[in-house]
Amino acid sequence: MRPATEHALLEVSALSVTLGSKTSATTILKEVSFTLERGRTLGIVGESGCGKSMTALALMGLLPEEATMSGRLVFDGMDLTTLSTRQWQTVRGPRIAMIFQEPMTALNPVMTVGRQLAEMLLVHEGASSARARSHAIELLERVGIADPHSRVDAYPHQLSGGMRQRVMIAMALACKPDLLIADEPTTALDVSIEAQILDLLLELQQQEGMALLLISHNLAVISEMADDMLVMYAGEVVERGPLQQVLSQPRHPYTQGLMASIPSMKHARKVLPTIAGTVPNLKSRPRGCAFAPRCEQAQERCRTETIALRAVDAQHCVACVLA
Ligand SMILES: Nc1ncnc2c1ncn2[C@@H]1O[C@H](COP(=O)(O)OP(=O)(O)O)[C@@H](O)[C@H]1O
Ligand SMILES: [Mg+2]
C-alpha cells in the first residue's frame, strides 16, 4: 500500500483553455479538474466537440499556439505548465505517451515501422542500433503483431488499421510511460478489431502498471475499461466519479442521455433515444448550464444560475442543480 499522503500521479485543477484574441476569446475548456492514480484507468466521455482532445493535448504540452491556458497540471509532483521545451522532451514520450485515433497521421509514411520504433529507443534509451532493432521486434510481438521479424520492415501503409494502431501502442510503450493517454484509440477501427485493441491496452496496462487516460465518445467503451469516469459537456466536467457508481446512479441528465443511447446497458430501451440537439457553439456558450437547451428536465434557474460541480457522494460529483 502506498501511504495516503502521497500525491496522485496526475492532478488537474481548474484547467481552462481559451482560443482566439483577448477581444474575441472562446473558452474551450472551463475549470476542468480531476485526479488519476497510478495504475488506474480514467475514462473521459462526451460527444464530439466537448473538449476531450483539448484536455489530452494540454497534458502533452501540445495545445495550439494561439491557446491560453490557466490552472494547474501536476504530474508526479511536477507542474507541467512550467516545463521548458527541453524539459518536455524528458516527459513527453518517456513519462506521458499518447496514442491517437488515426495512427496513419502519427506514423511517418516513408519510414518502416521498425525504424520508427528503433529511433524512439535510440533517442530515449540510448540503445545501440542492433539492440534497438531486436527490441523493436520484441515490442511488435508484445502488441500482438504476427510475424514481427518480417513486419518490422513494413511501411505503415502495408499494415491494416488495427495493426497500425498496435504499432502506435508499441511506440507508446517503448519508453515505459507512467501515463498513457489514448484518445479515441479504436474509433477508426471495425468493432471486432476494437475489442482486440481494448483488450491489448488493458493487458499491457496491468503488466506495466501504468495509468491510462482513455478518451472516447462511446460510453460503452468507457464502461468496459475504466475505474473512474468523467463526463464532459461543452468543455466542462458535468459528472465525475467511480465508474460503477456513476453508471448505477447517473445524476446528470447528460450522463443519463448518454447511457440511454447504449443498447446493451441497463435501462436501455429498444429504440435507442439520442439526445436531441447538438453541442453548443462554444463561441456563444449559453448562460447557466450549457446543457439546459437540450435538457428535458431543465427549469428556469438552469438557464440563469451558475452551476458548480458539487459532491453528491464521497467521490461522486455532479454539476446540476437538480442532482
Ligand atoms: N485548433 C483549434 N482551433 C480552434 N478551435 C479548436 C481547435 N481544436 C479544437 N477546437 C474546438 O475546441 C472544442 C473542443 O474540441 P475537442 O477537444 O477536439 O473536442 P473532442 O475531442 O471532445 O471532440 C471544439 O469546439 C472545437 O471546435
Ligand atoms: Mg477528440
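The shown structure was predicted, so the numbers you read here are calculated from the model rather than taken from an experiment.

S.K.: What should I look at first to understand the environment of Pro280 in this one?
M.R.: Counting through the fold element by element, Pro280 comes out in the loop between α11 (253-260) and β11 (310-313). For the pair Pro280 and Ala234, spaced 46 residues apart in the sequence, the C-alpha separation amounts to 6.9 Å. In this structure Pro280 touches Tyr233, Ala234, Pro286 and Ala290, once residues within four positions along its chain are discounted.

S.K.: I would appreciate a short explanation of the state of the cysteines in the present structure.
M.R.: Cysteine pairs can be covalently joined through their sulfur atoms, and such a bond is termed a disulfide. Tallied over the entire structure, the rule returns zero disulfides. With no disulfide of its own, Cys302 has Cys320 as its nearest cysteine by sulfur position, at a separation of 6.1 Å.

S.K.: Hey, could you run me through the pattern of salt bridges in this one?
M.R.: Note that side chains of opposite charge can pair when their charged atoms are close. Scanning the entire structure with this criterion turns up twelve salt bridges. With a closest N to O distance of 3.2 Å, Glu119 and Arg115 form a salt bridge. On the criterion of helical spacing, the pair formed by Glu119 and Arg115 is a turn pair, its members being four residues apart in helix α4 (residues 113-125). Among the charged side chains, a salt-bridge network with shared partners connects Arg38, Asp76, Arg95 and Asp178.

S.K.: I tried to follow the site of ligand 1 on my own but got confused; where do I start?
M.R.: By nearness alone, every residue bordering ligand 1 is listed as Leu19, Ile28, Glu47, Ser48, Gly49, Cys50, Gly51, Lys52, Ser53, Met54, Pro64 and Leu282. A distance of 2.7 Å is found between an oxygen atom of ligand 1 and a backbone nitrogen or oxygen belonging to Gly49. Gly51 is positioned such that a nitrogen or oxygen atom in its backbone is 3.0 Å from an oxygen atom of ligand 1. Tallying contributions element by element places helix α1 (residues 52-59) first for the shell around ligand 1, with three residues.

S.K.: Looking at this structure, how should I read unusual backbone geometry?
M.R.: Trans is the common state for peptide bonds, and a negative phi is the common state for residues other than glycine. Of note in this structure, Lys176 is not a glycine but carries a positive phi near 50°. With respect to the helices and strands, the residue Lys176 is situated in the loop between α7 (161-173) and β7 (179-183). A positive phi angle is found at Ala234, which is not glycine, with a value near 50°. Looking at the secondary structure, you find Ala234 in the loop between β9 (228-233) and β10 (236-242). The exposure class assigned to Ala234 is buried, which follows from its relative accessible area of 0%.

S.K.: What am I meant to see in the side chain of Arg294 here?
M.R.: For Arg294, the position within the fold is in the loop between α11 and β11. A relative accessible area of 10% places Arg294 in the buried class. When neighbours within four sequence positions are excluded, Arg294 is seen to be in contact with Glu47, Tyr233, Ile275, Ala276, Gly277, Thr278 and Val279.

S.K.: Any chance you could explain the environment of Gly114 here in plain terms?
M.R.: With respect to the helices and strands, Gly114 occurs in helix α4. Judged by its relative accessible area of 8%, Gly114 is buried. Note: C-alpha distance between Gly114 and Val152 (38 residues apart in sequence) is 4.3 Å. Among residues more than four places away in sequence, those in contact with Gly114 are Ala136 and Val152.

S.K.: Where do I start with the sheet that holds strand β12 (residues 316-318) in this structure?
M.R.: By way of backbone hydrogen bonds, the strands of a sheet pair with one another, either parallel or antiparallel. With mixed pairing, the eight strands of this open sheet are ordered in space as β6-β7-β8-β3-β9-β10-β12-β11. Bordering the open sheet on either side are β6 (96-99) and β11, each of which pairs with just one other strand. Ignoring which end each strand starts from, the neighbouring axes of this sheet average 20° apart. In this sheet, β10 lies alongside β9 in antiparallel orientation, the contact comprising six bridges. Looking at the pairing, Val231 lines up with Glu239 of β10. On the sheet, α7 packs against β6 and β7 and is oriented at approximately 175° with respect to β6.

S.K.: Would you mind going over empty space enclosed by the protein with me for this structure?
M.R.: Remark: the empty space left among the atoms is shown by a probe the size of a water molecule rolled over them. Counted according to the given criterion, the structure contains one cavity of 30 Å³ or more. Here the largest cavity is characterised by a volume of approximately 70 Å³. Lining of the largest cavity is provided by 13 residues; of these, Pro253, Cys289, Cys295, Cys302 and Cys320 occupy positions nearest its centre. Residues that form the lining of the largest cavity fall into these classes: twelve nonpolar, one polar and no charged.

S.K.: Just checking my understanding: could you explain the environment of Ser33 for this structure?
M.R.: Here Ser33 shows up in strand β2 (residues 26-36). Each C-alpha atom, one on Ser33 and one on Glu11, is 7.6 Å from the other, the two residues being 22 residues apart in sequence. Apart from residues lying up to four places away in sequence, Ser33 is in contact with Val12, Ser13, Ala14, Leu230, Val237 and Arg240.

S.K.: Can you walk me through α11 in this structure?
M.R.: Think of an α-helix as 3.6 residues a turn; residues three or four steps apart then line up on the same face. When you tally the buried positions in α11, you get seven out of eight residues, the bulk of the element. Along α11, the positions that sit buried rather than exposed are Pro253, Tyr254, Thr255, Gly257, Leu258, Met259 and Ala260. Where α11 is buried, its residues meet β3 (41-45), α9 (219-225), β9, β10 and α10 (243-248).

The rules behind each value
Residues numbered from 1 in each chain as written. Chains lettered and ligands numbered in written order. Predicted model: local features only at pLDDT ≥ 70, side-chain atom pairs only at ≥ 80, totals over all residues. Heavy atoms only, no water. Helix = DSSP H or I, 4+ residues; strand = E, 2+ residues; numbered from the N terminus. Contact = heavy atoms within 4.5 Å. Disulfide = S-S within 2.5 Å. Salt bridge = Lys/Arg side-chain N within 4 Å of Asp/Glu carboxyl O. Near = heavy atom within 4 Å. Polar contact = N/O pair within 3.5 Å; in protein donor to acceptor, adjacent residues only side chain to side chain. Buried < 20%, exposed > 50% of the residue type's maximum accessible area, 1.4 Å probe, protein only. Pairing = 2+ DSSP bridges. Axes fitted to C-alpha atoms, helices over the stretch in contact; angles between N-to-C directions. 1 Å grid on protein atoms, 1.4 Å probe; cavity = no way out; pocket = protein on both sides within 12 Å on 5 of 7 lines; lining within 4 Å. Points joined across faces, edges and corners; volume = space filled by probe spheres on them. Nonpolar A, V, L, I, M, F, W, Y, C, P; charged D, E, K, R; others polar.

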